[in-house]
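# Examination of the molecular architecture
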Amino acid sequence: MSLHPDRFFSGDHQTRSAARDIYESVADLPIISPHGHTDPAWFAENRPFPDAASLFLTPDHYVLRMLFSQGLTYDVLGVPRRDGKPVADGRTAWQRFAANYHLFLGTPSRTWIDHSLRWAFGIDETLSAETADRIFDTINRKLTEPGLLPLAILEKAKVETIATTEFALDPLVHHQALRQQGRIGLVRTTYRPDDVTDPDSPAFAANIARLSEITGEDTASWSGLIAAHRKRRALFREFGATATDHAAPTAMTADLPECDKQPLLDRLLSGRAETEDAELFRAQMITEMAMLSLEDGMVLQFHAGSRRNTDPVLMAERGPNLGADIPVRVDPVRGLESLLQKFGRSPGFRMIFFCLDESVLARELAPMAGYWPALMLGPPWWFHDSPRGIARYLDQVVESAGFHNLAGFNDDTRALLSIPARHDVWRRAVSDFLARMVTASTLGPSDARALARWLSYDAAKAAYKLPA
Amino acid sequence: MSLHPDRFFSGDHQTRSAARDIYESVADLPIISPHGHTDPAWFAENRPFPDAASLFLTPDHYVLRMLFSQGLTYDVLGVPRRDGKPVADGRTAWQRFAANYHLFLGTPSRTWIDHSLRWAFGIDETLSAETADRIFDTINRKLTEPGLLPLAILEKAKVETIATTEFALDPLVHHQALRQQGRIGLVRTTYRPDDVTDPDSPAFAANIARLSEITGEDTASWSGLIAAHRKRRALFREFGATATDHAAPTAMTADLPECDKQPLLDRLLSGRAETEDAELFRAQMITEMAMLSLEDGMVLQFHAGSRRNTDPVLMAERGPNLGADIPVRVDPVRGLESLLQKFGRSPGFRMIFFCLDESVLARELAPMAGYWPALMLGPPWWFHDSPRGIARYLDQVVESAGFHNLAGFNDDTRALLSIPARHDVWRRAVSDFLARMVTASTLGPSDARALARWLSYDAAKAAYKLPA
Amino acid sequence: MSLHPDRFFSGDHQTRSAARDIYESVADLPIISPHGHTDPAWFAENRPFPDAASLFLTPDHYVLRMLFSQGLTYDVLGVPRRDGKPVADGRTAWQRFAANYHLFLGTPSRTWIDHSLRWAFGIDETLSAETADRIFDTINRKLTEPGLLPLAILEKAKVETIATTEFALDPLVHHQALRQQGRIGLVRTTYRPDDVTDPDSPAFAANIARLSEITGEDTASWSGLIAAHRKRRALFREFGATATDHAAPTAMTADLPECDKQPLLDRLLSGRAETEDAELFRAQMITEMAMLSLEDGMVLQFHAGSRRNTDPVLMAERGPNLGADIPVRVDPVRGLESLLQKFGRSPGFRMIFFCLDESVLARELAPMAGYWPALMLGPPWWFHDSPRGIARYLDQVVESAGFHNLAGFNDDTRALLSIPARHDVWRRAVSDFLARMVTASTLGPSDARALARWLSYDAAKAAYKLPA
């Protein structure tokens, strides 16, 4: 469908007009993408994407899950199996997706895809059974054009900087290539050491051993483990990293006495771990990372409260990140207490906190961010990165946290073409939110434009300590 | 008060106009009422309702509780006592109700009652101390007219099908009469075996014994108990049932090893139950019911999270379902895990989940329904079956679950005349929600009308596997 | 910035016009302030406030916390230290505050301060680095004028009655002075015995001993302790108290058997308390206070769910109530069960419940208040006393609790000048809420005006049993 220039704005004339004015002042700002999951190989190699299905369908867990919920199997959708058995080819999968495109009415997926189809491919037709083949062919043909190579897409989208996310053991080969191309800064990595901080991750003990090999530190000792992190963080910074990132099912942090740390690590590495040890180790490692952040200035991102892989069949057949992760409640007041009481006042330390539990926004996170100097709130994450999610977020955080304890926007996406679409939704939703304040006479138009710019551009640069 | 044709629509001209267009396209659709608590005797016997108080006041827990909260006793309101002591007569109770009708401003009860008074009785006057007697007399006089007999009300309301709810031991005598009248299909039963699946229900052990008598199965053995359910479900299906229904204080499900099942049943029947046994039995029985649903195709409804009978005085004096049930928090991610990991992908299995905890809508239920093929979301239940409750529900579920993982609407009512009123509120609230999307240019008018029809009519038929 | 006459009203013309009509009918009603934390010395002594900083900055935890969150220290903000070390003077602190006034965009603090600057000082300029000194001087000059003495401010704000809050051991010297001046009624105290009901409060055992001294009762015995409360409550009533107030981190209440009470008190006073004893004592004391309320008619306020002093550094350096208290989840259904099952039906007993957990409003509190005669809901508290917080509150409570189980508004403030500002925000937010109902044709204009008056004035008088 065609994308209306006033989409997502309020219905009444006065607010809509104010929203349009505000939006126009930020619509063309460059994109800061300080957190996401795009593949650095795209930018290092700059090769065409293979086809429409591999671009829009098979890697997009939002899309796959919705189609699965309505009875389409992952085989039919062409998602590769670990056992190598055949799945549907790209065109066939695309046809099924297109025929079921009505399922996405009202969802952000539809917004992002409609936006991408027009923005990248000039396609205004609505995806459907009837248009499936034609759109598939159009996309595939255009994907080989120079203007749709990954780096060209970044340029067309006015991406000023984009961060990928790599595990602690990642060899960063693509970022090395990018460095040789002089593209560090346009592309950055992010230090996400879950592979060696989460005892529930596959091959945890082997990963710890591997961390020793690549750093020369004795990672079986607590101090060696921290030293190894210190070295990896320094290396990641050479590839543009200004931030670390940490995921956990809860918001728990810990501040163990020194004498308890080595025994905890010993239990985990020797297979004698007790029930709570994995949680405790994750909790303590957040605090250790904060200590290292005090040394090296890296911003600590904490993504808490996703229960991963709730469908063991999907996990066994095809692996993670395909749609079966479900949010759960978090307890940031008690969870972050150890960390904040230790470092919440430390100049130069910054934590950006993300969760999927909207019930803590007004009750806990906004008051906390409105007190602790170190704490900033990440934008709405995952299922809440949507027009309604953004509206609820702003409604619930601004009064207690203000606008300046917010970390702006990040798209957090695996889908390259969704980046301009997602930033556009954010800028529109922000503009509408501010416009309603203007209409309600609680914000002047020039303050509204200044805040829109802050939320669309400056806040993310400031929060992630990106160069001005 | 008079019912404005644009009631519940947004204030701005453009949205209101769009809402009116959408609403007009669904206002006259037949009513599908796949879940509720009307009395099958009404339809089998088709006798006039006795008087206004017994129609609007004494059976309506919404109305009784509000009046009680403001100091009117249940005696004064004419609610029968278990000890047989006298309570106020209908007219006296009605007068007190009418004199306090201002207490219902802003509540759905007032909407439903105003709607019913006009729709059924042509009464446009506002209920008050002054109009109490006149309205009481008007209602009583009209109740004897043929057009206000229960079956005529169904016809006038365009009810295409209505499901009542009966316990496992119910003899279904009224449904037998309805079968003889050829009215199965217009009226259906629903299999709600809480009397034999909830060990906390009164006379649980006696009920299990009675289940054995009426089925000829040995219900003291686990396999016999399941066989008994199988027989009762088959019988209920003969009386139109397409669904089962299960209520529990939590969302817990279990998947016990076979060897643990019989000992659990033994403990419960012998009075040696341990603290968690009742909860565990309820949790396991949900999964057993799902297994039977796989065999017989019945849709499993799960109503979780109402804490029943929180006022023991009311319970002792007059019994359940009179206003002292209060919602509590639920944990569907962990609670439903056993069931979904076992049957969440099974073709043909369907669970419709209801709860009263809005904090799980965006965080848990919408993402879960947007993944698991077996899971659909029931509409806002009980206290949330209201204009604002519906608006919050749609706001929180649509972006992650889409519209097609929703089970449409059910009125869930004990009050016959509230059925057209409740469906009308739903259709209006849906129309306004969709109209705001139209105004925000994120939905086209024809898609909006199609979705309005889906949510008002087709979705319920599809979700409950009702004949087309 | 200038305060627009239609601020906080909806954007569409029809709703805005209705809101204005409703608001105009309540804008000039007297202020009932039945719960707050103003200093009774202000009214007893009626001396000028010293300067702008001590009026607007150093006592306002909302303002301090926000500035601290953005890197300004409490030293720089002029907040006294316990160790007596110097902090910034008033003018310097004020300059820093003014230079960072943009941080308050979108927060209620800015609304209250802008309102106060104009209402009390006729200042229309926006606070900023540039205007800081000029505004500081203007305020300081005007503070000495008779019209800005504390009692004159009450009169100018049309305060009909205002309640302060004193601990059980408070000597009430200012209220004694006020009695001599004939001002009891204009000013009242409130009995807040947390100093002797919360075992976690500093010097609890000493406080219990002191309570014995001032009452002549043996407070080491349970019955003597209750008798001492009875005497203090009677004394507080002589100084206008119609209510008690109780704060706790949870909503827990208890109903211990008599034989368990003395041992609990013994453990607490002898330093042999077990882990749960403090919580249990607080829980039991709520119920004891309810028993005394049955005797003496005092209204019981319960403020549950603030985790106090989450920054131990701030607490150690400067004391409590400076911005580091953070809300947490509460469980009113289970928490209040003991109390409500005992006294929830008792004629003459009234509890007004406040919490900071919005997730319980629609799910638990509104249904509970819509059932139990004794329970009323307090208005949005603390972080939620804001335009958006009020809107969410009304949206979530009215449909199940109606308007008549709400206790109206209280400002709960430590900042005298914020009183008219806060009541004005409430009246505007209420007017807008009701106006949207009028526009949606679910409320007539005269009912809307009646409800606006109820919520702005009468409800608070009725809830707190204030003289008509």
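Residues numbered from 1 in each chain as written. Chains lettered and ligands numbered in written order. Predicted model: local features only at pLDDT ≥ 70, side-chain atom pairs only at ≥ 80, totals over all residues. Heavy atoms only, no water.

## Points about the interface of chain C and chain B
Accessible area lost during the coming together of the parts is what is often quoted as the interface size. Stated formally: The contact criterion used is simple: two residues touch if any of their non-hydrogen atoms lie within 4.5 Å. Here the quantity called buried area is the accessible surface, traced with a 1.4 Å probe, that two parts lose on coming together, added over both. Salt bridges, as used here, are contacts in which a Lys or Arg side-chain nitrogen is within 4 Å of a carboxyl oxygen on Asp or Glu. Think of it this way: any DSSP run of H or I at least four residues long counts as a helix, any run of E at least two long counts as a strand, and we number them from the N terminus. Polarity classes work like this: nonpolar for Ala, Val, Leu, Ile, Met, Phe, Trp, Tyr, Cys and Pro, charged for Asp, Glu, Lys and Arg, and polar for all others, with Gly in that last group.
The partner chain B presents 45 residues to the 43 residues of chain C that form the contact. Taking both sides of the interface into account, the surface hidden between chain C and chain B amounts to around 3600 Å²; carbon and sulfur atoms contribute 53%. Of all residues in chain C, Arg363, Tyr371 and Glu399 of chain C give up the largest surface area on contact with chain B, accounting jointly for 23% of the area buried on that side. Taken together, the links from chain C to chain B amount to 5 salt bridges. Of the charged contacts, one joins Arg392 of chain B and Asp395 of chain C as a salt bridge, the two residues approaching to 3.0 Å between their closest N and O atoms. For the side of chain C that touches chain B, the secondary-structure elements that each account for two or more residues are α1 (13–26), α16 (332–335), α17 (337–343), α18 (361–369), α19 (387–401), α20 (418–439) and α21 (445–463) of chain C. Along the lines of polarity and charge, the residues of the side of chain C that touches chain B split into 19 nonpolar, 13 polar and 11 charged.

## Comments concerning helix α14 (residues 277–296) of chain A
Residues and elements named next belong to chain A. We apply this condition: Each residue after the first adds 1.5 Å to the expected span of a helix. For every residue, the accessible area (1.4 Å probe, protein chains only) is compared with the maximum for its type, and the residue is labelled buried under 20%, exposed over 50%, or partly exposed between those bounds.
Compared with an ideal rise of 1.5 Å per residue, which puts 20 residues at 28 Å, α14 spans 28 Å between its outermost C-alpha atoms and is within 8% of the ideal. Counted residue by residue, α14 has 15 buried out of 20 residues, so it is predominantly covered. Just downstream of α14, Gly297 is the residue with a positive phi angle, here 80 degrees.

## As for the relation of the copies chain A and chain B
Here is the rule we go by: Residues reaching a pLDDT of at least 70 in both copies supply the C-alpha atoms on which the copies are superposed by least squares.
Structural alignment of chain A on chain B gives an RMSD of 0.0 Å, achieved by rotating through 120 degrees and translating 0.0 Å along the axis. Between the two chains, the operation in question is that of a three-fold axis. In terms of proximity to the rotation axis, the leading residue of chain A is Asp12 of chain A, whose C-alpha is 3.0 Å off the axis. A low fraction, 9%, of the interface residues of chain A reappear at the interface in chain B, so the copies pair through non-equivalent surfaces.

## Topic: the sheet that holds strand β2 (residues 159–163) of chain C
Two pairing modes exist for strands in a sheet, parallel and antiparallel, and in both the strands are linked by backbone hydrogen bonds. Residue and element names in this part refer to chain C. Note the cut-off: Two strands make a pair as long as DSSP finds a minimum of two bridges between them. A fitted line through C-alpha atoms represents every axis, and for helices the fit uses only the stretch in contact; the resulting angles, taken between N-to-C directions, go from 0 to 180 degrees.
Across the sheet, which stays open at both edges, the 3 strands sit in the order β1-β2-β4 with parallel pairing between neighbours. In this open sheet, the two strands that pair with only one neighbour each are β1 (31–33) and β4 (187–188). Relative to β4, β2 is paired through 2 bridges, and the arrangement is parallel. For Ala163, the partnering residue across the bridge sits in β4 and is Arg188. Sheet strands in contact with α20 are β1 and β2, and its direction is about 105 degrees off that of β1.

## Some thoughts on the relation of the copies chain C and chain B
By a simple turn and slide, chain C fits onto chain B: the slide is 0.0 Å along the axis, the RMSD is 0.0 Å, and the turn is 120 degrees. When you check the interface residues of chain C against chain B, a mere 9% turn up at the interface there too, and the two sides of the contact use different surfaces.

## Notes on helix α20 (residues 418–439) of chain A
Residue and element names in this part refer to chain A. Across its 22 residues, α20 extends 31 Å between first and last C-alpha, which sits within 8% of the 32 Å expected from 1.5 Å per residue. Most of α20 is tucked away: 21 of the 22 residues are buried. Just past α20, the residue Ser441 takes up positive phi, approximately 60 degrees.

## Examining the domain arrangement of chain A
Residues and elements named next belong to chain A. Counted only if it meets this: As annotated, the domain borders come from an automatic or database domain assignment. Residues adjacent in sequence count toward polar contacts only when both atoms are side-chain atoms; beyond that, a polar contact is any pair of N or O atoms within 3.5 Å, and within protein one must be able to donate a hydrogen and the other to accept it.
We note that the domain assignment places domain 1 (13–46 + 157–463) and domain 2 (48–148) within chain A. On a C-alpha basis, the centres of domain 1 and domain 2 stand 28 Å from each other. Summing both partners gives a buried area of about 2200 Å² for domain 1 against domain 2, and 64% of it is carried by carbon and sulfur. Looking only at domain 1, the three residues that lose the most surface to domain 2 are Arg318, Leu322 and Leu417, adding up to 31% of its buried area. Along the contact surface separating domain 1 from domain 2 lie 1 salt bridge. Its salt-bridge partner being Asp75, residue Arg318 comes within 2.8 Å of it at the nearest N-O pair. Where domain 1 packs against domain 2, one counts 7 residue pairs in polar contact (both at pLDDT 80 or more). At the level of elements, α15 (312–318) and α20 are the ones that each hand at least two residues to the side of domain 1 that touches domain 2. Its residues placed into classes, the side of domain 1 that touches domain 2 shows 14 nonpolar, 6 polar and 6 charged.

## Concerning the interface of chain A and chain B
Contact residues are listed per partner, giving 45 residues for chain A and 43 residues for chain B. The contact between chain A and chain B buries some 3600 Å² in all, and 53% of this surface belongs to carbon and sulfur atoms. On the chain A side of the interface with chain B, the three residues burying the most area are Leu105, Arg329 and Arg388 of chain A, jointly 19% of the side's total. Summed over the shared surface of chain A and chain B, the number is 6 salt bridges. Arg388 of chain A serves as the salt-bridge partner of Asp395 of chain B, at 3.3 Å between the closest nitrogen and oxygen. Where chain A meets chain B, there are 21 residue pairs in polar contact (both at pLDDT 80 or more). Contributions of two or more residues to the side of chain A that touches chain B are made by α4 (61–69), α6 (108–121), α15, β9 (326–327) and α19 (387–401) of chain A. In terms of residue class, the side of chain A that touches chain B is built from 19 nonpolar, 13 polar and 13 charged.

## Describing the packing of aromatic side chains
Using the following cut-off: In this analysis, rings of Phe, Tyr and Trp, with Trp reduced to its six-membered ring, are considered paired at centre separations within 6.5 Å, and the interplanar angle assigns stacked below 30 degrees, edge-to-face beyond 60, and tilted for intermediate values. In this analysis the charged atom, NZ for Lys or CZ for Arg, is taken to sit over a ring once it is within 6 Å of the ring centre and within 35 degrees of the ring normal.
The tally for this structure, following the rule as stated, stands at 75 aromatic pairs over all chains. Look at Trp222 of chain C and Phe281 of chain C: their rings are 5.8 Å apart centre to centre, the planes differ by 85 degrees, and that puts the pair in the edge-to-face class. Placement of the pair is Trp222 of chain C in helix α12 (residues 222–238) and Phe281 of chain C in helix α14 (residues 277–296), with a sequence separation of 59 residues. Of the two residues, Trp222 of chain C and Phe281 of chain C, both sit in the buried class. Here a set of aromatic residues connected by ring pairs shows up, and it is made of Phe56, Trp94, Phe97, Tyr101, Phe104, Phe121 and Phe136 of chain A. One cation-aromatic arrangement involves Arg428 of chain A over Tyr23 of chain A; the distance from NZ or CZ to the ring centre is 4.2 Å. The ring of Trp119 of chain C has Lys156 of chain C lying over it, and the distance from NZ or CZ to the ring centre is 4.8 Å.

## Observations concerning the environment of Asp277 of chain C
All names here are of chain C. Checked against the element boundaries, Asp277 lands in helix α14. Given a relative accessible area of 3%, Asp277 falls into the buried group. In this structure Asp277 touches Leu264, Arg267 and Leu268, once residues within four positions along its chain are discounted. Of note is the side chain of Asp277, whose polar atom sits 2.8 Å from the backbone nitrogen of Glu274.

## A look at unusual backbone geometry
Phi angles above zero are rare outside glycine, and Asn309 of chain B is one such case at about 55 degrees. Position of Asn309 of chain B among the secondary structure elements: in the loop between β8 (306–307) and α15 (312–318). Here Asn309 of chain B falls in the partly exposed class, since its relative accessible area comes to 28%. Non-glycine residue Asn46 of chain C carries a positive phi angle of around 50 degrees. A residue is classified by how much of its surface remains accessible, and Asn46 of chain C, at 24% relative accessible area, is partly exposed.

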